[in-house]
Amino acid sequence: MIKKDSPIPIYYQLQELLKALIDKGELMPGDVIPTEREYAEKFHISRMTVRQALTQLVNEGYLHRIQGKGTFVSERKIEQPLYRLRSFTEDMESRGLKPGSQLISFEIIPATSQIASQLGIQEYAPIYEIKRIRLADDVPMALESSYISANLVKGLTEQIVKESVYSYIENQLNLEIDEASQIIEASIANQVEAKFLKIKKGSPIMLIQQQTFLKDGTPVEYVKSSYRADRYKFMIKMKR
């Protein structure tokens, strides 16, 4: 409960109380929460204090507001650990979610100088360009553009792309995927990203560039992805 004599700010106490209710499942995704006035009366605190707590929870993705309807509990974010390399399919399956993809395009094109440098190949060498929407339980999570050397990964097809490219590379071609490097940036959705991710233009997203390497250090894949910031978060584990 709220302790007014505590050195902890009241808005923060309310914020953590609501987080606990959400984490324990007492407030479920889609539930409408009480109004600022109702919380203020219940805990005998000011509406401004309640508004501060709720705004922080909206900013953190626990809640979202719908104009004219109220404030609702948001869907829980999927947490992606950054200390282990897994494909999107493997990651979703490990969480008990149904992975899926909607293929936008699949074609062989000549590599631009920028992509060629990422893949360690010559400019204009043939590469697979794979554009798809990544899904978890049929909900769009990311818009992804993947580039793979056609001379290194032979025989890639649309059907394989719809399943798991990593599984094909490792199990059919016997190439061992070893590590990856990522660059993560905050951004806002443009019109194309908003359309495919089913969010509003200007919504927060995470832009991720990933370079994936084989055991011998050969770059095998370069990926540019736009992730929904309201449904996805990344966790980094570090040691000193």
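Placed above this text is the structure.
Predicted model only: the values in this text are computed from it and were never measured.

Q: Any details on the environment of A136? Residues and values, ideally.
A: Here A136 is to be found in strand β5 (residues 126–136). Here A136 falls in the buried class, since its relative accessible area comes to 4%.

Q: Give a description of helix α2 (residues 36–43) that names residues and reports values.
A: Residues of α2 that are buried: E36, Y39, A40 and F43. Along α2, the residues classed as buried sweep out an arc of 100° about the axis, all on the same side. Looking at the packing, one finds that the buried side of α2 touches α1 (10–23) and α3 (47–59). Directly after α2, the chain includes H44, whose backbone phi takes a positive value near 55°.

Q: Kindly report on the packing of aromatic side chains, identifying the contributing residues and their values.
A: Per the counting criterion, the structure on display carries three aromatic pairs. Aromatic side chains Y147 and Y222 sit 6.3 Å apart centroid to centroid with 25° between the ring planes, which places their arrangement in the stacked category. Separated by 75 residues along the polypeptide, Y147 in strand β6 (residues 139–149) and Y222 in strand β9 (residues 219–228) bring together distant segments of the chain. Among the residues examined, Y222 registers a relative accessible area of 2% and is labelled buried. Across the ring face of F196, the terminal group of K195 is positioned such that the distance to the ring centre comes to 5.3 Å.

Q: Residue-level account of the packing of α2 against α3, with values.
A: Here α2 crosses α3 at 115°, and the two axes come no closer than 8 Å. When the axes of α2 and α3 are compared, the crossing they make is right-handed. Here E36, R37, Y39 and A40 of α2 come into contact with α3, specifically with R47, V50, R51 and L54. Residues of the contact of α2 with α3, tallied by class, amount to four nonpolar, no polar and four charged.

Q: Break down the packing of α1 against α3 for me, with residues and values.
A: Close contact between α1 and α3 brings their axes to 8 Å; oriented N to C, the two are set at 50°. The angle between the axes of α1 and α3 places the two elements in the oblique class. Considering only the axes of α1 and α3, their crossing is right-handed. In this structure, α1 uses I10, Y11, L14, Q15, L18 and K19 to contact α3, whose residues at the interface are T49, V50, Q52, A53, L54, Q56 and L57. In the contact of α1 with α3, the residues fall into eight nonpolar, four polar and one charged.

Rules of the game
- Residues numbered from 1 in each chain as written.
- Predicted model: local features only at pLDDT ≥ 70, side-chain atom pairs only at ≥ 80, totals over all residues.
- Heavy atoms only, no water.
- Helix = DSSP H or I, 4+ residues; strand = E, 2+ residues; numbered from the N terminus.
- Buried < 20%, exposed > 50% of the residue type's maximum accessible area, 1.4 Å probe, protein only.
- Arc of directions from axis to C-beta.
- Contact = heavy atoms within 4.5 Å.
- Phe/Tyr/Trp six-rings, centres within 6.5 Å; stacked < 30°, edge-to-face > 60°.
- Lys NZ or Arg CZ within 6 Å of the ring centre and 35° of its normal.
- Axes fitted to C-alpha atoms, helices over the stretch in contact; angles between N-to-C directions.
- Left-handed = near helix turned anticlockwise from the far one by under 90°.
- Nonpolar A, V, L, I, M, F, W, Y, C, P; charged D, E, K, R; others polar.
- Parallel < 35°, antiparallel > 145°, perpendicular 65-115°, else oblique.

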